[in-house]
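Coordinate inspection notes
What follows is each chain in one-letter form.
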Amino acid sequence: MAIERQSIVYDGPGGPFEGVTAFDTDWDAPRPGVMIVPNVLGEKEQDRVVAERLAALGYAGFVADTYGQGQRTTRESPDPAVYMNQLNADRRLLRDRLHASVAAMKALPLVDAAKTAAIGYCFGGKSVIDLARSGGGVLGVVAFHGIFDPPDYDYPKPIAAKLLICHGWDDPLAPPAAVSALAAELTEAGADWQLHGYGNAGHAFSDASVRPGGRPGFGYDMNADRRSWLATRNFLGELFG
């Protein structure tokens, strides 16, 4: 097995955009593609590692860029959420950039365009739920510690993509009322959905760089991280069958 990365520049509204794909060079045939939508900071090394983990499972990992080429932040930036806030204020633009990212992944020669999915972290979790809502052309999505508020536009129903929601129960950004509202929304929309709630885990439970206890309700949780990744592997295996 030899995992390789490649940068991919692609077009979209407000672009250009630059993502990264990871794949096993020992496998010549097209394979299922899994798009990774990053957290508030945008595309970064942490997401590329996830793409490599997916490549090791036999998929093509593709890290999407929803902010634009060169537009990234760090936790030390004056406003780490500047680009996220712009898209939170324009969910239609977020939708269109997500669709452009899926199209870029499907256009890759190593991807089987009939077998694609998306996973996302934090803001990326919110994004992939929007992708499912808006008919983004993937078979399924996985949201890790996502945000659940619905977009301000009507979307087609029933929702075709299957959804796996991996949620830290103590997440202050998605309290129980928001979880119940999402469940009701997805049920009304006719979606095939499942929710995994992890007790004693909060926001960013899969992010080892977020120290537990630094901020109430935030921090890495080893058990939730391990269990959610196992659930994701099972979900993707069922999805691509």
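Residues numbered from 1 in each chain as written. Predicted model: local features only at pLDDT ≥ 70, side-chain atom pairs only at ≥ 80, totals over all residues. Heavy atoms only, no water.

1. Thoughts on the nonpolar core
Buried together is how nonpolar side chains tend to be arranged in soluble globular proteins. Threshold: Residues belong to a common nonpolar core when they are buried Ala, Val, Leu, Ile, Met, Phe, Trp, Tyr or Cys residues joined through side-chain atoms within 4.5 Å. Think of it in three bands: residues with accessible area under 20% of the maximum for their type are buried, residues over 50% are exposed, and the middle band is partly exposed, with areas taken using a 1.4 Å probe on protein chains only. Any two residues whose heavy atoms approach within 4.5 Å at even a single point are treated as in contact.
In terms of nonpolar packing, the biggest core is built from 44 residues, with Met 35, Phe 62, Leu 131, Val 141, Ile 159 and Leu 163 touching the most fellow members. Setting aside chain neighbours within four positions, we find Leu 131 in contact with Met 35, Leu 98, His 99, Val 102, Ala 118, Gly 136, Val 138 and Val 141. Ala 22, Ile 36, Phe 235 and Leu 236 belong to the second largest nonpolar core, which has 26 residues in total.

2. Considering the packing of aromatic side chains
For clarity, the cut-off: Ring pairs are drawn from Phe, Tyr and Trp, using the six-membered ring of Trp, whenever the two centres fall within 6.5 Å, and their geometry is named by plane angle: stacked under 30 degrees, edge-to-face over 60, tilted for the rest. Runs of H or I in DSSP of at least four residues are treated as helices and runs of E of at least two as strands, each being numbered from the N terminus.
Counted under the stated rule, the structure contains 7 aromatic pairs. Ring geometry for Tyr 67 against Tyr 83: centres 5.5 Å apart, planes inclined by 40°, an arrangement best described as tilted. Pair noted here: Tyr 67 is in the loop between strand 4 (60-63) and helix 2 (82-88) and Tyr 83 is in helix 2, with a separation of 16 residues, a long-range link. Here the two residues Tyr 67 and Tyr 83 agree in accessibility, since each one is buried. Considering the side-chain rings of Tyr 121 and Phe 144, the 4.6 Å spacing of their centres and the 10° angle between planes classify their relative orientation as stacked. With Tyr 121 in strand 5 (residues 111-121) and Phe 144 in strand 6 (residues 140-144), the pair connects residues that are 23 residues apart, well separated along the chain.

3. Quick look at the side chain of Thr 73
To keep it simple, the criterion reads: Identification of polar contacts relies on pairs of N or O atoms within 3.5 Å, with a donor-acceptor requirement for protein atoms, meaning one able to donate a hydrogen and the other able to accept it, and with residues adjacent in sequence counted only if both atoms are side-chain atoms.
For Thr 73, the location among the structural elements is in the loop between strand 4 and helix 2. Relative accessible area serves as the criterion here: at 11%, Thr 73 is assigned to the buried category. Among the polar contacts made by the side chain of Thr 73, one reaches the main-chain carbonyl oxygen of Pro 80 at a distance of 2.8 Å. Filtering out sequence-adjacent residues up to four positions away, Thr 73 remains in contact with Val 40, Leu 41, Asp 79, Pro 80, Val 82 and Tyr 83.

4. Overview of the confidence of the model for the chain
This is how the line gets drawn: Confidence scores here are pLDDT values: one per residue, from the predictor, ranging 0 to 100.
Here the chain averages 97 in pLDDT, while 100% of its residues score no lower than 70. Looking across the chain, the model is least confident in strand 1 (residues 3-10), with a mean pLDDT of 97, and most confident in strand 6, with 99.

5. Points about the pairing of strand 2 (residues 17-24)
For a regular strand, side chains alternate in direction, first toward one face of the sheet and then toward the other. Rule in force here: A pair of strands is labelled paired if DSSP reports no fewer than 2 bridges between them.
In terms of burial, strand 2 is largely enclosed, as 7 of its 8 residues are buried. In terms of strand pairing, strand 1 meets strand 2 through 8 bridges, oriented antiparallel. Opposite Val 9, over in strand 2, you have Glu 18 as the bridge partner. If you look at the hairpin formed by strand 1 and strand 2, you'll find 6 residues sitting between the two strands, and Gly 14 has a positive phi there, around 85°. Sheet topology places strand 2 next to strand 4; 3 bridges connect them, and they run antiparallel. Within the sheet, the bridge partner assigned to Thr 21 lies in strand 4 and is Phe 62.

6. Brief notes about the sheet that holds strand 1
As a reminder, the rule being used: Axis definition: a line fitted to C-alpha atoms, limited for helices to the stretch in contact. Angles are taken between N-to-C directions and run from 0 to 180 degrees.
Strand order in the open sheet formed by 8 strands is 1-2-4-3-5-6-7-8, and the pairing between neighbours is mixed. Sheet topology places strand 1 and strand 8 (193-198) at the edges, where each strand pairs with a single neighbour. Here the average twist between neighbouring strands, direction ignored, is 20°. The pairing of strand 6 with strand 7 (residues 162-168) spans 5 bridges and is classified as parallel. From the neighbouring strand, Val 141 faces strand 7, where its bridge partner is Leu 163.

7. A closer look at the packing of helix 3 (residues 91-106) against helix 4 (residues 123-133)
Here is the rule: Angles are sorted into four bins: roughly parallel if under 35 degrees, roughly antiparallel if over 145, roughly perpendicular if 65 to 115, and oblique for all others.
For the pair helix 3 and helix 4, interaxial distance at closest approach is 10 Å and the crossing angle is 80°. Between helix 3 and helix 4, the angle is such that the two are roughly perpendicular. Counting all contacts with helix 3, which are made through Arg 91, Leu 94, Leu 98, His 99 and Val 102, the residues of helix 4 involved are Phe 123, Lys 126, Ser 127, Asp 130, Leu 131 and Arg 133.

8. A few points about the pattern of salt bridges
Short version of the rule: Salt bridges are defined as contacts in which a side-chain nitrogen from Lys or Arg sits within 4 Å of a carboxyl oxygen from Asp or Glu.
Taken as a whole and judged by the stated rule, the model has 15 salt bridges. For Asp 149, the salt bridge identified is with Lys 126, shortest N-O distance 3.2 Å. Within this pair, whereas Asp 149 is found in the loop between strand 6 and strand 7, its partner Lys 126 is found in helix 4, the two being separated by 23 residues in sequence. Residue classification places Asp 149 among the partly exposed positions, given a relative accessible area of 32%. The class of Lys 126 is buried, set by a relative accessible area of 5%. Through salt bridges with shared partners, a single network forms among Arg 5, Glu 43, Glu 45, Arg 48, Glu 52, Asp 65 and Arg 72.

9. Quick word on the pairing of strand 3 (residues 31-37)
Where burial is concerned, most of strand 3 is hidden: 7 out of the 7 residues are buried. Two strands pair when backbone bridges link them, and strand 3 and strand 5 are joined in this way by 6 bridges, in the parallel orientation. Bridge pairing in strand 5 places Ile 36 opposite Ile 119. The sheet contact formed by strand 3 and strand 4 spans 4 bridges and is parallel. Residue pairing for strand 4: Met 35 is matched across the bridge by Phe 62.

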